[in-house]
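Structure at a glance
Chain residues, written in single-letter form:
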Amino acid sequence: SDEREVLGWDDFGEAARDLARTVHASGFAPDIVVAVARGGLLLAGAVAYALGTKSCGSINVEFYTDIDKTLPEPVLLPPALDAPALSGKRVLLVDDVSDSGRTLRLVVDILTGHGADVRSVTLYSKPRTVLEPDYVWRRTDKWITFPWSALPPVTKENS
Ligand code: 5GP
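Residues numbered from 1 in each chain as written. Predicted model: local features only at pLDDT ≥ 70, side-chain atom pairs only at ≥ 80, totals over all residues. Heavy atoms only, no water.

This part covers the sheet that holds strand E2 (residues 32–37). The sheet built from six strands is open, its strands ordered E4-E3-E2-E5-E6-E7 with mixed pairing. If you trace the sheet from one side to the other, it starts and ends with strand E4 (69–77) and strand E7 (135–139), each paired once. Recorded for the sheet is a direction-independent mean angle of 20° between the axes of neighbouring strands. Note that E2 and strand E5 (residues 90–98) share four bridges and pair parallel. By the bridge assignment for E5, Ile 32 is matched with Val 91. Along the sheet, helix H1 (residues 9–26) contacts E5, strand E6 (117–125) and E7; its crossing angle with E7, the most-contacted strand, is approximately 140°. (Pairing = 2+ DSSP bridges. Helix = DSSP H or I, 4+ residues; strand = E, 2+ residues; numbered from the N terminus. Axes fitted to C-alpha atoms, helices over the stretch in contact; angles between N-to-C directions. Contact = heavy atoms within 4.5 Å.)

What follows is the structure in structure tokens.
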């Protein structure tokens, strides 16, 4: 379908708080919140504050280059996360959406491989995902417009 799911800033704020309440109610108290950059950065910050978790990090992955255009595989971009430091830690992994799920699959496997106790949270998941996150706010099969990427990067002409 060419219809889109549009998430506004106010709804994003509500969603972040809702997800934090759900994580807290489940009894999972993360030692560290890890964002999948860039899409998971804003939710990760909001959830880390809402849970009172001070330790935060990020892992940078590129997969989509445009709507429905992906690289052959999700690839890690620098800077590298200190994954060995997560051994034995409860890690809350945060992303915007689990679409194919291949990005989350890659990162969950990396962190689990280093001995972390990983749970994942996203704003959205889609029906085809290979990795249903532990915590999800909403499900959709549409392309989602997130508030942080709704506008093109600033230029001299449009700023
Ligand atoms: P996946 O590996 O689950 O297919 O998706 C990886 C990344 O692609 C997501 O974290 C997100 O940044 C981007 N992505 C996937 N689906 C969408 C979407 O519907 N809208 C937007 N804006 N980004 C998406």
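Before going further, it helps to spend a moment on the site of the ligand. Surveying the vicinity of the ligand reveals 15 residues, the closest of which are Asp 96, Asp 99, Ser 100, Thr 103 and Lys 126. The contact in question runs from an oxygen atom of the ligand to an N or O atom on the side chain of Tyr 64, over 3.1 Å. One nitrogen or oxygen atom from the side chain of Asp 96 is found 2.6 Å from an oxygen atom belonging to the ligand. Contact with the protein chains hides 88% of the accessible area of the ligand, taken as 510 Å² for the molecule alone. Elements represented by at least two residues in the shell around the ligand include exactly strand E3 (56–66), E5, helix H3 (102–113) and strand E8 (143–145). Sorting elements by how many residues they give to the shell around the ligand places E5 first, with four residues. (Near = heavy atom within 4 Å. Polar contact = N/O pair within 3.5 Å; in protein donor to acceptor, adjacent residues only side chain to side chain. Areas by Shrake-Rupley, 256 points an atom, 1.4 Å probe, with all protein chains shown as cover.)

On the surface, a cluster of nonpolar side chains totalling about 280 Å² of accessible area is made up of Trp 9, Leu 41 and Leu 42. Its place among the elements puts Leu 42 in helix H2 (residues 41–51). The exposure class of Leu 42 is partly exposed, given its relative accessible area of 35%. (Patch = residues over 30% accessible without salt bridge, like charges linked within 9 Å, V, L, I, M, F, W, Y side chains within 5 Å. Salt bridge = Lys/Arg side-chain N within 4 Å of Asp/Glu carboxyl O. Buried < 20%, exposed > 50% of the residue type's maximum accessible area, 1.4 Å probe, protein only.)

This part is about the nonpolar core. Leu 43, Leu 92, Leu 123 and Tyr 124 are the most contacted members of the largest nonpolar core, which has 23 residues in total. Of all the secondary structure elements, the ones that give two or more residues to this core are H1, E2, H2, E5, E6 and E7. Considering every element that reaches this core, the biggest residue donor is H1, with five residues. Apart from the residues lying within four places of it in its own chain, the contact partners of Leu 92 are Val 23, Phe 28, Pro 30, Ile 32, Val 33, Val 34, Val 47, Leu 51, Arg 119, Val 121 and Tyr 135. Listed in part, the 16 residues of the second largest apolar core include Val 34, Leu 86, Val 108 and Val 118. (Core = buried A, V, L, I, M, F, W, Y, C linked by side-chain atoms within 4.5 Å.)

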